[in-house]
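Here are the chains, one letter per residue:
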Amino acid sequence: MKRRCFCHDYRERGIYMITLDVENRRPVLGRLVGEQIALTPLGKAVADCWRQIPHFHPEVKLLEFTVMPDHFHGLLFVRQQMTCHLGEVVRGFKIGCTKIYRSQLNDTPTLSGEGSYMTRTLFAPGYHDRILTHKGQLETLFRYIRDNPRRLAARFANPDYFTRINALPLASATFAAYGNPFLLNRPDRIQIQCSRRITPDALASEQSRLLDAAERGAVLVSPCISPGEKQIARAAMEEGLPLIALKADGFAPKYKPPGKYFNACASGNLLILAPTNPTPQVRCAPIHGRIPITRTQCLALNKLAADICGPGAASLNYAGLIPLE
């Protein structure tokens, strides 16, 4: 929760997404009603505190926010150079929220509904920030913030489809898993494996073959490395077909699948696997960065996909040149 870009001056003009967790992730700010959040008096006070930020920092424009039962997302625009660090803006907001929180507790520790003592501060120490740097990010984050209640409702309605497993022995490796693990019970698994040199006609034929197999009950499996593999995986998700996707860079502690991946999880049609005991050929990237994937890693990931599929999996590597051992 203390992600910082050390090469960035947080007094500069820019757009930032701020996330704060309630201490111990207690759901004291609201409750889910349908696909909406019904705010508690404390949740409404938190929203009011956020709206007051421009009165104290006129350089800041508020763009979007949502109050969730146990956390808060806010998107803000620093329109011009500030005299203080963005952290001071967030600190002031947290102090204001904690004052209201303590006044509602009558300044004394009180037992919560779960039987554990309330803390003396509302939000956990620190916060998570994200700096918008690329075209298209703003629209994506607007959708993400507004869509948070629906995503929470989907996870509540289908908890089995958002299962997280930290050590899943499978085929020749151990994986971290996120999504619907029951897809592994399907007997028919087929690997998506396309050369980067595949022709458009051959790709269209392969996509038709694989999607037809998925419609008949097969689960498609791939690390989705080449453009053709990614295209077929996207098509499978768009048509609501089952997919097991491998990723080389592991899961962050509070990983949530983005966009179409979330919708595929909600329908029970996606399982994401990441090797937890990576060899030098499949080495996971650090949580806050990505290591460019190498050809050796591509081969190793496709070998894992082939092992997961078992007999009948593709017998060539993703470049279509060298047989797998």
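Everything here concerns the structure above.
Right, let's walk through the structure included here. (Residues numbered from 1 in each chain as written. Predicted model: local features only at pLDDT ≥ 70, side-chain atom pairs only at ≥ 80, totals over all residues. Heavy atoms only, no water.)

Glancing now at the overall build of the chain. A count of helices and strands for the chain gives 8 helices and 12 strands. For the chain, buried positions account for 48% of its 325 residues. Partitioning the intrachain contacts of the chain with sequence separation of at least 6 by distance along the chain shows that 68% fall at a separation of at least 24. Approximately 16800 Å² of the chain is accessible, and the part contributed by carbon and sulfur atoms is 54%. (Helix = DSSP H or I, 4+ residues; strand = E, 2+ residues; numbered from the N terminus. Buried < 20%, exposed > 50% of the residue type's maximum accessible area, 1.4 Å probe, protein only. Contact = heavy atoms within 4.5 Å. Areas by Shrake-Rupley, 256 points an atom, 1.4 Å probe, with all protein chains shown as cover.)

So, about helix α8 (residues 295-309). Since there are 3.6 residues in each turn of an α-helix, residues three or four apart along the chain are aligned in direction. Under the 1.5 Å per step criterion, the end-to-end length of α8 is 21 Å for 15 residues, consistent within 8% with the ideal 21 Å. Taken residue by residue, α8 has Q297, C298, A300, L301, N302, L304, A305, A306, I308 and C309 as its buried positions. Backbone geometry just after α8 places G310 at a positive phi near 75°. (Expected span 1.5 Å × (residues − 1).)

Further remarks concern the nonpolar core. Counting 32 residues, the largest nonpolar core has L220, L243, F251 and L270 as the members making the most contacts within it. Going through the elements one at a time, β8 (173-179), α5 (200-215), α6 (227-238), β11 (243-246), α7 (259-266) and β12 (270-275) are the ones with two or more residues in this core. In this view, L220 contacts I190, I192, L210, L211, A214, A236, P242, L243 and I244; residues no more than four positions away in its chain are not counted. One finds M82, V89, L105 and F123 within the second-largest nonpolar core, a separate group that totals 31 residues. (Core = buried A, V, L, I, M, F, W, Y, C linked by side-chain atoms within 4.5 Å.)

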